[in-house]
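# Coordinate analysis (summary)
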Amino acid sequence: MRLGVLDIGSNTGHLLVVDAHGGAAPLPASSHKQPLRLAEHLDEDGAVTKEGLKALTDFCASATQIAEDKGCEEMLGFATSAVRDSVNSDDVLAHVEENSGVRLEVLSGEDEARLTFLAVRRWFGWSAGRLAVFDIGGGSLEIAGGTDEAPDVAWSLPLGAARIAKAWFGGGRPSDDDVRELRKQVRAEIARDAGHLLRPGVPDRAAATSKTFRSLARICGAAPSGDGPLVPRALELETLSGWIPKLMDMSPEELADLPGVSPSRTHQIVPGALVAEACMDIFDLTELEICPWALREGVILERLDQISVVTR
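Only a predicted model underlies this, so the values are computations on that prediction, with no experimental measurement involved.

## Some points on the overall build of the chain
- Along the backbone of the chain there are 12 helices and 11 strands.
- Taking 20 Å as the expected radius of gyration for a compact globule of 312 residues, we find that the chain reaches 19 Å, a close match to that expectation.
- Taken along the three principal axes of its C-alpha coordinates, the chain extends 55 × 45 × 35 Å.
- Taking as baseline every contact in the chain between residues at least 6 positions apart, the subset at least 24 positions apart corresponds to 69%.
- Of the roughly 14200 Å² of accessible surface on the chain, 49% is carried by carbon and sulfur atoms.
- In the chain, the 31 positive side-chain charges and the 48 negative ones have mean positions that sit 2 Å from each other.

Below, the structure written as structure tokens:
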């Protein structure tokens, strides 16, 4: 069957059209994305602004038309931390549905981590053993770990690259003292519940997914996306730590010239790098393998599993 998956993230709206059936990997057929930057379209009270709401609604309307044009039998729409954490989320969801016809499901942070873990587990398979998964989004950081397809532990932290960029880098490069304070706060937040993942033992394999980690890995020398998803890629802690001071001193134009960096995300590179480095340090990981599958694929796989159960 042909499915449309509408992912409203804190940075980007993305419609992925896939041909999928049980027992096979989802095959991408079409992709449509647009920067929404919802995590940065929140007012002082934490509400999505009129500008953000219009951008979201217009994108959902266009995605609906594209999904119909591409022959989708079903469209799965979901939103993550920017909508989840906004104080007017109910109004936002009602407005989007009324004006675009799209009903968005708001995923909890735990569900976001759980579904991302499912996608990574399916990608690497059972040979990965006890698996740890990290995902830096625009609004949040998801961490999950376990030995099965459902993680033993899964949680979400408000440490997304866009969220940190808005709070700490909105006025340009912060001072060295501010960077030290940010680094301290990020690490304390991650370390607070680190025992959830570490208590059962050191992971046999640790993986990272989504745009921030992919960009950092590319900066640090990983193969370009054009080489295909089957090429192994990793982000090494030592290399990343060496890059962070250089990234801090770069202008937005210089950051945009780096491989794997989108011009719209240059302001998120340093915040994302600080969070990624903290994850590897705190969980004593020398590297993270980059997985091409993430939350969208997890949503698709869970839906296919449900269909398979019904049709048996």
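## Considering the packing of helix α6 (residues 176-192) against helix α11 (residues 269-282)
- Between α6 and α11, the least distance of the axes is 10 Å, while the angle of their chain directions is 45°. In terms of axis orientation, α6 runs oblique to α11. As for the relative orientation of α6 and α11, their crossing is right-handed in sense. Here L182, R183, V186, R187, I190 and A191 of α6 lie close against α11, whose contacting residues are L274, V275, E277, A278, C279, D281 and I282.

## Looking at empty space enclosed by the protein
- Applying the stated criterion across every chain yields a total of one cavity of 30 Å³ or more.
- Each pocket or cavity is described by its volume, and for the largest cavity that value is around 60 Å³.
- Here the lining of the largest cavity takes three residues from helix α8 (residues 211-219), the largest share from any one element.
- Of the residues that constitute the lining of the largest cavity, the class distribution is two nonpolar, five polar and two charged.

## What to know about the pairing of strand β7 (residues 141-146)
- By the criterion of burial, β7 is predominantly enclosed, with six of the six residues buried.
- Two strands pair when backbone bridges link them, and strand β6 (residues 131-136) and β7 are joined in this way by six bridges, in the antiparallel orientation. Looking at the pairing, F134 lines up with I143 of β7.
- Counted between consecutive antiparallel strands, the loop separating β6 from β7 contains four residues.
- In this structure, β7 lies alongside strand β8 (residues 153-157), joined through five bridges in antiparallel fashion. When the sheet's bridge partners are listed, G145 is paired in β8 with V153.

## So, the environment of R103
- Along the chain, R103 falls in the loop between α3 (89-100) and β5 (105-106).
- C-alpha of R103 to C-alpha of K246: the two residues are 143 residues apart in sequence and 43 Å apart in space.
- Polar side-chain contacts of R103 include one of 3.0 Å to the side chain of E97.

## Section: the pattern of salt bridges
- Scanning the model with the defined rule gives 20 salt bridges in all.
- For the salt bridge of R37 with E40, the shortest nitrogen-to-oxygen distance reads 2.9 Å.
- With relative accessibility at 30%, the residue R37 sits in the partly exposed group.
- In this structure, the salt-bridge partner of R103 is E97, at a minimum N-O distance of 3.0 Å.
- Each of R84, D85, E112 and R163 takes part in salt bridges that share partners, so that together they form one network.

## Overview of the packing of aromatic side chains
- Scanning the model with the defined rule gives two aromatic pairs in all.
- Ring geometry for W123 against W293: centres 5.3 Å apart, planes inclined by 65°, an arrangement best described as edge-to-face. With W123 in helix α4 (residues 109-124) and W293 in the loop between β11 (287-291) and α12 (295-311), this residue pair connects regions lying 170 residues apart in the sequence.
- On the accessibility criterion, W123 (26% relative accessible area) is partly exposed.
- According to the relative accessible area criterion, W293 is buried, its value standing at 13%.
- Summarising the aromatic geometry, the rings of F134 and F283 are spaced 5.3 Å apart at their centres and angled 55° between planes, so their arrangement reads as tilted. Taken together, the residues span a long stretch of sequence, with F134 in strand β6 and F283 in the loop between α11 and β11 at a distance of 149 residues. Across the pair, F283 and F134 agree in class, each one buried.
- Between K246 and the ring centre of W243, over which it is positioned, the NZ or CZ distance is 4.2 Å.

## Some words on the nonpolar core
- Within the largest apolar cluster, 49 residues are counted, with the highest numbers of intra-cluster contacts made by F134, I190 and L235.
- A per-element tally of this core places α11 first, with nine residues.
- By size, the runner-up hydrophobic cluster in this structure holds 22 residues, among which are L15, A63, C72 and A82.

What counts, and where the lines are drawn
Residues numbered from 1 in each chain as written. Predicted model: local features only at pLDDT ≥ 70, side-chain atom pairs only at ≥ 80, totals over all residues. Heavy atoms only, no water. Helix = DSSP H or I, 4+ residues; strand = E, 2+ residues; numbered from the N terminus. Rg over C-alpha atoms; globule rule 2.2 N^0.38 Å. Contact = heavy atoms within 4.5 Å. Areas by Shrake-Rupley, 256 points an atom, 1.4 Å probe, with all protein chains shown as cover. Lys, Arg positive; Asp, Glu negative; His and termini not counted. Charge placed at Lys NZ, Arg CZ, Asp CG, Glu CD. Axes fitted to C-alpha atoms, helices over the stretch in contact; angles between N-to-C directions. Parallel < 35°, antiparallel > 145°, perpendicular 65-115°, else oblique. Left-handed = near helix turned anticlockwise from the far one by under 90°. 1 Å grid on protein atoms, 1.4 Å probe; cavity = no way out; pocket = protein on both sides within 12 Å on 5 of 7 lines; lining within 4 Å. Points joined across faces, edges and corners; volume = space filled by probe spheres on them. Nonpolar A, V, L, I, M, F, W, Y, C, P; charged D, E, K, R; others polar. Buried < 20%, exposed > 50% of the residue type's maximum accessible area, 1.4 Å probe, protein only. Pairing = 2+ DSSP bridges. Polar contact = N/O pair within 3.5 Å; in protein donor to acceptor, adjacent residues only side chain to side chain. Salt bridge = Lys/Arg side-chain N within 4 Å of Asp/Glu carboxyl O. Phe/Tyr/Trp six-rings, centres within 6.5 Å; stacked < 30°, edge-to-face > 60°. Lys NZ or Arg CZ within 6 Å of the ring centre and 35° of its normal. Core = buried A, V, L, I, M, F, W, Y, C linked by side-chain atoms within 4.5 Å.

Just geometry here; none of it tells us what the structure is for.
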